[in-house]
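# Coordinate analysis (summary)
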Amino acid sequence: MVESRFHSDLEQLKMTILRMATLTEKALEKSVRALVERNDELAEEVLKGDYEINLLEVDVDRHSLRLLALDQPMARDLRFIIGSMRISVDLERIADQAVNIAQRAIFLNNRPPLPPNQAIEELAETAIDMLRSVISSFINQNADLAMDVCKMDDVADELNYKILKDLMAYMTTESPAVERSVSTIIAARCLERSADQATNIAESVIFIVRGVNIKHHCQQ
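Residues numbered from 1 in each chain as written. Predicted model: local features only at pLDDT ≥ 70, side-chain atom pairs only at ≥ 80, totals over all residues. Heavy atoms only, no water.

## Quick look at the overall build of the protein chain
Along its length, the protein chain carries 6 helices and 0 strands. Scaling as 2.2 N^0.38, a compact globule of 220 residues should have a C-alpha radius of gyration of about 17 Å, and the protein chain matches this with 19 Å. Seen along its three principal axes, the alpha-carbon backbone of the protein chain occupies a region of about 70 × 40 × 20 Å. Within the protein chain, buried positions represent 50% of all 220 residues. The contacts in the protein chain between residues at least 6 apart in sequence include a share of 85% that link residues at least 24 apart. Summed over all atoms, the accessible surface of the protein chain reaches about 11,000 Å², with 53% contributed by carbon and sulfur. Between the centroid of the 25 positive side chains of the protein chain and the centroid of its 36 negative side chains there is a distance of 2 Å. (Helix = DSSP H or I, 4+ residues; strand = E, 2+ residues; numbered from the N terminus. Rg over C-alpha atoms; globule rule 2.2 N^0.38 Å. Buried < 20%, exposed > 50% of the residue type's maximum accessible area, 1.4 Å probe, protein only. Contact = heavy atoms within 4.5 Å. Areas by Shrake-Rupley, 256 points an atom, 1.4 Å probe, with all protein chains shown as cover. Lys, Arg positive; Asp, Glu negative; His and termini not counted. Charge placed at Lys NZ, Arg CZ, Asp CG, Glu CD.)

Next up, the structure:
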């Protein structure tokens, strides 16, 4: 009976993480659309939705601590609980990055548009793809897929650098666009940070599945 309740509680923890992941993915997608499509309504939806994601992180912590205190889990169950707590932190941080992007979008949408920059859309696609893939790796407990997510982080870094370099060059010739360019650089940085946090989640999935800690050595 106790074991049955324990596994039911573990499943509930997983469902909470998945709910949080779904909302975070939607928030990141909406923030990118708000930026690219110049859509203030989508940006406002991201800002309003952040509260629920924060509450879910608190729920994950409370649920996890209860499992640790009452059941003293071992081996993979223990790793799952610890990994879930880490994952919830990174999901909440990605949601915060989405909020930051939405705020930049609201600022930029009410000013003349900058010239199109394909690298921004590519970076957004990369970050969202990494998040989707790492969520799938968690659902399926697939360490190989999580490792693939780690390898994608270099692409995000390179795109972020390209955006920074291009916009800095643009600002030197178009001084009236400095404020808008800086806001776009901040939005790109938020996308790059989202990719970093997806990589952190991948590390947690590998920890859960394989029992090894590859933090800071994800691509080895």
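## Observations concerning unusual backbone geometry
Most peptide bonds take the trans configuration, and most residues that are not glycine carry a negative phi. Notably, Arg 38 is not glycine yet its phi reads approximately 55°, a positive angle. Within the secondary structure, Arg 38 sits in the loop between helix H1 (2-36) and helix H2 (40-71). Although it is not a glycine, Ala 75 adopts a positive phi angle of roughly 50°. By the element assignment, Ala 75 lies in helix H3 (residues 75-109).

## Some thoughts on H2
At 3.6 residues per turn, the α-helix brings residues three or four places apart onto the same side. Relative to the 46 Å expected for 32 residues at 1.5 Å per residue, H2 spans 47 Å between its end C-alpha atoms, a close match to the ideal helical length. The largest bend along H2 measures about 30° and falls at Gly 49. Regarding H2, the residues found buried are Leu 42, Ala 43, Val 46, Asp 50, Ile 53, Leu 56, Glu 57, Val 60, His 63, Ser 64, Leu 67 and Asp 71. A positive backbone phi angle near 45° is found at Gln 72, which sits one or two residues after H2. (Expected span 1.5 Å × (residues − 1). Bend = angle between axes of the 7 residues up to and from the residue.)

## Some points on the environment of Leu 91
Along the polypeptide, Leu 91 turns up in helix H3. The exposure class assigned to Leu 91 is buried, which follows from its relative accessible area of 2%. Along the backbone, Leu 91 and Ile 201 are 110 residues apart, and their C-alpha atoms lie at a distance of 8.1 Å.

## Some points on the packing of aromatic side chains
A full pass over the atoms with the stated rule returns 1 aromatic pair. Positioned above the aromatic ring of Phe 207, the side-chain terminus of Arg 86 is 4.7 Å from the ring centre. (Phe/Tyr/Trp six-rings, centres within 6.5 Å; stacked < 30°, edge-to-face > 60°. Lys NZ or Arg CZ within 6 Å of the ring centre and 35° of its normal.)

## Overview of the side chain of Asp 90
Positionally, Asp 90 belongs in helix H3. Put simply, Asp 90 is tucked away with no salt bridge, and the nearest opposite charge, on Arg 93, sits 4.0 Å away. For Asp 90, the contacting residues outside a window of four places in its chain are Gln 197, Asn 200 and Ile 201. (Salt bridge = Lys/Arg side-chain N within 4 Å of Asp/Glu carboxyl O.)

## Quick look at the pattern of salt bridges
For the coordinates displayed, the defined rule picks out 12 salt bridges. Of the charged contacts, one joins Glu 45 and Lys 30 as a salt bridge, the two residues approaching to 2.8 Å between their closest N and O atoms. One end of the pair, Glu 45, is in helix H2; the other, Lys 30, is in helix H1, and 15 residues separate them in sequence. Arg 210 is paired through a salt bridge with Asp 144; the nearest N and O atoms lie 2.6 Å apart. Residue Arg 210 is located in helix H6 (residues 178-210), and its partner Asp 144 is located in helix H5 (residues 143-173); the two are separated by 66 residues in the primary sequence. Given the relative accessible area of 43%, Arg 210 is considered partly exposed. What you see here is one network of salt bridges that share partners, running through Arg 5, Asp 9 and Arg 66.

## A closer look at the nonpolar core
Most often, soluble globular proteins keep nonpolar side chains buried together rather than apart. Among the nonpolar cores identified, the biggest contains 70 residues, and Leu 28, Ile 87, Leu 91, Phe 138 and Leu 191 are the most heavily contacted of them. Taken together, the elements giving at least two residues each to this core come down to H1, H2, H3, helix H4 (118-139), H5 and H6. Once you skip the residues sitting within four places of it in the chain, Leu 191 turns out to touch Leu 28, Val 32, Ile 101, Ile 120, Leu 123, Ala 124 and Ala 127. (Core = buried A, V, L, I, M, F, W, Y, C linked by side-chain atoms within 4.5 Å.)

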